[in-house]
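Each chain, letter by letter, is given below.
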Amino acid sequence: MMHQKHREKLFSLFDDGQNGAVFIQGSEILYRNETDYEYPFRQESNFWYLTGVNEPDCALILDLKTEEYHLFVPKRDAQYAVWHGYVKSQEAWKEQYKPDHIHYTNEILTVMNKIKPEKVYCLNDLDAELIEDLDRGFEADIETLLDALTYCRVIKTDEELDYMRKSAAINNLAHTEVMKAIKPGMYEYELKALFTKIQYENGLQQDAYNGIFAGGKNSAILHYVENTSQIKDGDLFLLDAGHEYEGYASDITRTYPVNGKFTDLQAGVYDAVLNALNSSIDQIKMGVKMEDLHLHAARTIMEGLKDAGVVKGSVDDMMENDIFALFFPHGLGHFLGLDTHDVGGYPKGVDRIDRPGIKFLRVRRDLQPGMVVTIEPGAYFVPALLVPALEDDTQKQFLNAEKLTNMFEFGGIRIEDNVVVTEDGCENLTDVPKERSEIEKLIRG
Ligand code: GLY
Ligand code: MN
Ligand code: MN
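This one's a predicted model, so the numbers in the text were calculated from it and none came from an experiment.

Time to look at unusual backbone geometry. With a phi close to 60 degrees, Glu67 is a non-glycine residue in the positive phi region. Along the chain, Glu67 falls in the loop between strand S2 (59–63) and strand S3 (68–73). Even without being a glycine, Lys98 presents a positive backbone phi close to 50 degrees. Structurally, Lys98 can be placed in the loop between helix H4 (90–97) and strand S4 (101–104). Lys98 gets classed as partly exposed once you look at its relative accessible area, which sits at 46%.

Shown next as C-alpha cells:
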C-alpha cells in the first residue's frame, strides 16, 4: 500500500529507536458563514500522504520507536447518521485504511500516555497546543516534521507517478474536448461547464485550483477566475485548469484562437512561447537548475517577440535590462503533486532571486529523478506594465510602441505541460495538442 511506504520513508528520516511521536490532525469540514453550506471536503495534503484518508475529523500518531501507526477517527452518533449517512464502524475504518491501531479521537491522551514520547513532532501551532494542553509533560516540536515530510514528498514514488499519469490522462482529455468544442460567441463559463463535465464523467470531482477560462484580454490576467465574459471571433482563449485524481493534481494550460485560425501576430507570439516550452523541456534532466531554465525560457520568448516585431534591439541587452519581466512576469514552473504548487521548491537556506520576473519562480533546486514539475512559459500584454514602460527611457528603446499600443486587448498566451524528471531527460505527462497546425485542425473540425 502506497501510504505505508510513505510512512516508512518518513520513519527512515528519524533516528532509530528514538522515543518520539508524530502527531497530525486532519482537516475538518468548513462551512460558509455559519450556514449549512459545506465546502467540498479536501484532506490536508501531509495527512493524505501518510494515510490515504480523505475524510474529515481524523488524527494520527506515529510512534517513532515502534513504527506503529495509530489512526484516530471521529465517534459519530445516530444524529450524524440521520443527516450525513451511515456511521462507519471501527472495523470498517481499519479494513479500509489498515492502521496498526484504530481509536476514537477522544483517546489521543490515553495513547500518548502509553507511548510517553520525549518529543512530539507536529506541523503547526494548533496541533502543538493541543498536545501540550493534553498534559504539560509533553514537549511539542514544530520545526522538524514539515521539512521531513517535504523531503519525502518532493521525490515521487512509482505508485505516486502512476496516480499522476492517471490524473494527467483524464485532464488531457478534458482539455482536448474543450478545444474541439470552442466557438465564437460562447461564454467562458460554458467552456468551464464542459471541462468540468468531462472531469466528473471520469470521477474527478475536485478541482486542483481555481480554473482560469479566459477569453480575449482576460487571458492576460494571471489569476482570472470570474469566467463570465463572452468570447469574440478573433479572440484568443486561455484555459488553465486541472482536477485531482486521488489527491494528485494536474495543471495544464493551452491557449488558442476561438475561431480556429491564428492571426499572424497571434502566431508570432504563440511560437515564441511554444519554442520556450519545447526547448526548456528538451533541456530537462537530472542536475538542471530551474532558474537556468527560467532564464533560458525568458530569452527564447524575447527572441520570438523580436521576430514578431513586438520588441527590437539586442536580446542580450533586453535580458540585461529585465525587459523579459514586462512580458513574462511569473515563474517558469513549480513542483506538482498532492498540491498544485507542491512543497519543496525552496530548501532551507535558498532564497528567492531578487530580480524582476524570476523572483516569482517557485522552485530553485537542481532537478532530480522523480520530481514532477510544470513548465509554463507565457507572454502577456498587460497595459498596467506596458504603459509606464513605454514612457521609461531605458525600457522604451526595446519596445515597438506602434505595435504594442494596439495590443492592449491582445491578452496573453501561456502553454503549460507537466513533466516527470528522469536521469537523462523527462517524461511529459501532458498530451494536449500544442502545435499551431494541430490546434487549428482540431478547432475547425
Ligand atoms: N494555475 C496555477 C499555475 O499554473 O501555477
Ligand atoms: Mn496552471
Ligand atoms: Mn502551474
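Looking now at the sheet that holds strand S14 (residues 426–428). One open sheet holds the three strands; their spatial order is S10-S13-S14, and the pairing between them is antiparallel. A strand with exactly one partner marks an edge of an open sheet, and here the two such strands are strand S10 (372–375) and S14. Mean inter-strand twist for the sheet, computed between neighbouring axes without regard to direction, equals 35 degrees. Summarising the sheet, S10 and strand S13 (residues 417–421) pair through four bridges and their orientation is antiparallel.

So, about the packing of aromatic side chains. Evaluated as defined, the whole model comprises eleven aromatic pairs. Measuring from ring centre to ring centre gives 6.0 Å for Trp93 and Tyr97, while their planes differ by 35 degrees; the resulting arrangement is tilted. With Trp93 and Tyr97 both in helix H4 and four residues apart, this pair spans about one turn of that helix. Residue Trp93 shares its accessibility class with Tyr97, and that shared class is buried. Here Phe195 and Phe213 contribute two aromatic rings whose centre-to-centre distance is 5.6 Å and whose plane-to-plane angle is 70 degrees, an arrangement assigned as edge-to-face. Of this pair, Phe195 sits in helix H9 (residues 188–201) while Phe213 sits in strand S7 (residues 212–215), and the two are 18 residues apart along the sequence. The pair formed by Phe195 and Phe213 is uniform in burial state, with each residue classed as buried. Members of the aromatic cluster, joined through ring pairs, are Tyr163, Tyr245 and Tyr248.

Criteria and thresholds
- Residues numbered from 1 in each chain as written.
- Chains lettered and ligands numbered in written order.
- Predicted model: local features only at pLDDT ≥ 70, side-chain atom pairs only at ≥ 80, totals over all residues.
- Heavy atoms only, no water.
- Helix = DSSP H or I, 4+ residues; strand = E, 2+ residues; numbered from the N terminus.
- Buried < 20%, exposed > 50% of the residue type's maximum accessible area, 1.4 Å probe, protein only.
- Pairing = 2+ DSSP bridges.
- Axes fitted to C-alpha atoms, helices over the stretch in contact; angles between N-to-C directions.
- Phe/Tyr/Trp six-rings, centres within 6.5 Å; stacked < 30°, edge-to-face > 60°.

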